[in-house]
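# Analysis of the macromolecular model
Okay, here's what each chain looks like letter by letter:
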Amino acid sequence: MNETRIKVVALNGSARKSGNTAILLRYVLKELEKEGIETELIELSGKKIHGCLACRKCAENKNRRCSVTGDMGNAFIEKMEAADGILLGSPTYVADITPEIKALMDRACLVSKANGGLFRRKVGAAVVAVRRAGAMHAFDTLNHFFLISEMIIPGSSYWNIGIGREIGDVERDEEGIQTMKVLGQNMAWLLKKIKN
Ligand SMILES: Cc1cc2nc3c(=O)[nH]c(=O)nc-3n(C[C@H](O)[C@H](O)[C@H](O)COP(=O)(O)O)c2cc1C
């Protein structure tokens, strides 16, 4: 029997490219790939993304895209719409997520609502890097997006948080890495149940 093609996109909201959040996300993606799932990691770092303008034009246009053009918002929304699973990653910035990933979440959320739920019943999971404190708040913020989008969230053996400050420090957080691996395995399991 031919298995359906399954794709997961990971969006890393860190201002620092290939940093700790990217490392953690790659551990999740590696497990998904072992299960034959296609993956893509997109780093928001260095890419222009504006916040929601509250213009409500998406509710008028209903064209599955944001009316704000000239930045990467719609390109990211398109990637999210095309995927079966979405990972949102962020480092902890002042006990919350980065403004870049929040900008994307706000715009994707309103565009989705204006078009009957673009992400409904997709699988979603959050990944957070932290030096010391505030990661739970950041983790919760990311999860708000999945929950309001009618998405399904798999769990792991702990909350999906990895500890480290300098790039690569998270590799020494054994439990954090294990949490990412289990998350990838559970996400793959859930995606296969839904898609096949
Ligand atoms: C602007 C800024 C704010 C930060 N705020 C926090 C914080 O509130 N709590 C914390 O533990 N670490 C904080 N950090 C440290 C990062 O969360 C940590 O270095 C993380 O590993 C960075 O992930 P990255 O390599 O993916 O960017 C902050 C870093 C920056 C640049």
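Everything below is about the structure printed above this text.
A brief report on the enclosed structure follows. Please read these numbers as outputs of a predicted model, since none were measured by experiment.

How each quantity is defined
- Residues numbered from 1 in each chain as written.
- Predicted model: local features only at pLDDT ≥ 70, side-chain atom pairs only at ≥ 80, totals over all residues.
- Heavy atoms only, no water.
- Near = heavy atom within 4 Å.
- Polar contact = N/O pair within 3.5 Å; in protein donor to acceptor, adjacent residues only side chain to side chain.
- Helix = DSSP H or I, 4+ residues; strand = E, 2+ residues; numbered from the N terminus.
- Phe/Tyr/Trp six-rings, centres within 6.5 Å; stacked < 30°, edge-to-face > 60°.
- Buried < 20%, exposed > 50% of the residue type's maximum accessible area, 1.4 Å probe, protein only.
- Core = buried A, V, L, I, M, F, W, Y, C linked by side-chain atoms within 4.5 Å.
- Contact = heavy atoms within 4.5 Å.
- Pairing = 2+ DSSP bridges.
- Axes fitted to C-alpha atoms, helices over the stretch in contact; angles between N-to-C directions.
- Salt bridge = Lys/Arg side-chain N within 4 Å of Asp/Glu carboxyl O.

### Details of the site of the ligand
Neighbouring the ligand are 17 residues, the closest being Ser14, Thr21, Arg132, Ala133 and Gly164. Between the ligand and the protein, one listed contact pairs a nitrogen atom with a backbone N or O atom of Val94 at 2.9 Å. A distance of 3.1 Å separates an oxygen atom of the ligand from a polar backbone atom of Arg165. Among the elements of the structure, helix H1 (20–34) and strand E4 (123–130) are those that each provide at least two residues to the shell around the ligand.

### Quick word on the packing of aromatic side chains
The full count for this structure, using the stated rule, is three aromatic pairs. Between Tyr158 and Trp159 the ring centres are 5.0 Å apart and the planes differ by 65°, which places this aromatic pair in the edge-to-face class. Given a relative accessible area of 47%, Tyr158 falls into the partly exposed group. With a relative accessible area of 45%, Trp159 lands in the partly exposed category.

### Some thoughts on the nonpolar core
Grouped burial of nonpolar side chains is what soluble globular proteins tend to show. Residues Leu11, Ile86, Leu88 and Phe145 are the most contacted members of the largest nonpolar core, which totals 36 residues. Of all elements in the fold, only strand E1 (7–12), helix H3 (73–82), strand E3 (85–91), helix H4 (99–114), E4 and helix H5 (135–148) reach the threshold of two or more residues within this core. Discounting chain neighbours no more than four positions away, the residues touching Leu11 are Leu25, Ile42, Leu44, Phe76, Met80, Ile86, Leu87, Leu88, Gly89, Ile101 and Leu104. The next biggest cluster of nonpolar side chains, apart from the first, holds 24 residues, and it includes Leu25, Val28, Leu29 and Ile177.

### Considering the sheet that holds strand E2 (residues 38–43)
Spatially, E2-E1-E3-E4-E5 is the arrangement adopted by the five strands of the open sheet, whose pairing is parallel. In the strand order of this sheet, the two ends are held by E2 and strand E5 (161–163), each with one partner. Taking the axes of each pair of neighbouring strands and ignoring which way they run, one obtains an average angle of 15° across the sheet. Looking at chain direction, E3 and E4 are connected through seven bridges and run parallel. Across the sheet, the residue bridging to Gly85 is Val123, located in E4. Here H1 sits on the sheet in contact with E1, E2, E3, E4 and E5, set at roughly 170° to E2. With respect to the sheet, H4 is in contact with E1 and E3, its orientation differing from that of E3 by roughly 145°.

### A look at the pattern of salt bridges
For the structure on display, the rule yields 14 salt bridges. A salt bridge links Asp106 to Lys102; the nearest nitrogen and oxygen atoms lie 2.8 Å apart. Here the residue Asp106 and the residue Lys102 both occupy positions in helix H4, the gap between them amounting to four residues, near one helical turn. Overall, Asp106 belongs to the partly exposed group, its relative accessible area being 27%. The partly exposed category is assigned to Lys102, whose relative accessible area is 34%.

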